[in-house]
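# Residue-level structure breakdown
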Amino acid sequence: MIEILNPTMLARAKTTGALVGDILRTLRTRSVVGTNLLDIDRWAEKMILDAGASSCYVDYAPSFGRGPFGHYICTAVNDAVLHGLPHDYTLADGDLLTLDLAVSKGGVAADAAISFVVGNAGPPEDVAMIDATERALAAGIAVAGPGARIGDISHAIGTVLGEAGYPINTEFGGHGIGSTMHQDPHVANTGRPGRGYKLRPGLLLALEPWVMADTAQLVTDADGWTLRSATGCRTAHSEHTIAITDDGAEILTLSK
């Protein structure tokens, strides 16, 4: 299903997006050396419920996971990149952490992810990889506007990631979002310009460039959810929910 939001729902989407951005900002500040992933999950739960919102993850049970997910946030560390199931792990100096959060409020969902190095021991190659996903995300957003096509976004993202030297996996990518978290259209992280669905005002998209340092192959962890790099290499993931407007794309999941 491809959903086009009316002005009322779009206003609600902006509220939800700001909430997601604010929660991620807070969690990034609190995720320091010695923090347990389960504490991050509990903090996310409290902030979501205190805001009168609901998690898109707790009851989520897609075909690719061993569901329901049962937690409020995805926490992926080092070689984990997607769908990281929170567990009893204490963050160490130099860990590369990705927090991925999807929340629904007022009947509209928003989805975003950030990657960062915990503490002060992050190697330059990790910083460069995170930067590449952020630049790819910015490139995808820059070409998103009325009349553009999904392939234009995919091509812009893939160009940045490819030029930075990262293999690109197309099994998982961005997606439509609205009254539910995952909708059509799929937005692959590489593609051909001028192809795919034509963007219209009122469409919400979650764009999410993610890479693994030296492979495009994923393996599923024993928990049935966490996706890791097949070689054990480090990973990074950046994501924003955007709204297509008459003037271009508006980022909804920026923190205030």
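Below is a summary of the structure that appears in this document. (Residues numbered from 1 in each chain as written. Predicted model: local features only at pLDDT ≥ 70, side-chain atom pairs only at ≥ 80, totals over all residues. Heavy atoms only, no water.)

Moving on: the packing of helix α3 (residues 124–143) against helix α4 (residues 150–163). Contact pair α3 / α4: the axes reach a minimum separation of 8 Å and the direction vectors enclose 155°. By the angle between their directions, the pair α3 and α4 is classed as roughly antiparallel. Two packed elements cross with a definite hand, and for α3 against α4 that hand is right-handed. Of the residues in α4, those touching α3 at Ala132, Thr133, Arg135, Ala136, Ala139, Gly140 and Val143 are Asp152, Ile153, Ala156, Ile157, Val160 and Leu161. Of the residues that constitute the contact of α3 with α4, the class distribution is nine nonpolar, two polar and two charged. (Axes fitted to C-alpha atoms, helices over the stretch in contact; angles between N-to-C directions. Helix = DSSP H or I, 4+ residues; strand = E, 2+ residues; numbered from the N terminus. Parallel < 35°, antiparallel > 145°, perpendicular 65-115°, else oblique. Left-handed = near helix turned anticlockwise from the far one by under 90°. Contact = heavy atoms within 4.5 Å. Nonpolar A, V, L, I, M, F, W, Y, C, P; charged D, E, K, R; others polar.)

When two helices pack together, their arrangement is given by the angle between their axes and by how far apart the axes lie. At a closest axis distance of 11 Å, the pairing of helix α1 (residues 7–30) and helix α2 (residues 37–50) adopts a crossing angle of 150°. In terms of orientation, α1 and α2 fall into the roughly antiparallel class. With respect to the hand of their crossing, α1 and α2 are arranged in right-handed fashion. Every residue of α2 that contacts α1 at Ile23, Thr26, Leu27 and Arg30 is listed here: Ile40, Trp43, Ala44, Met47 and Ile48. Split into classes, the residues belonging to the contact of α1 with α2 amount to seven nonpolar, one polar and one charged.

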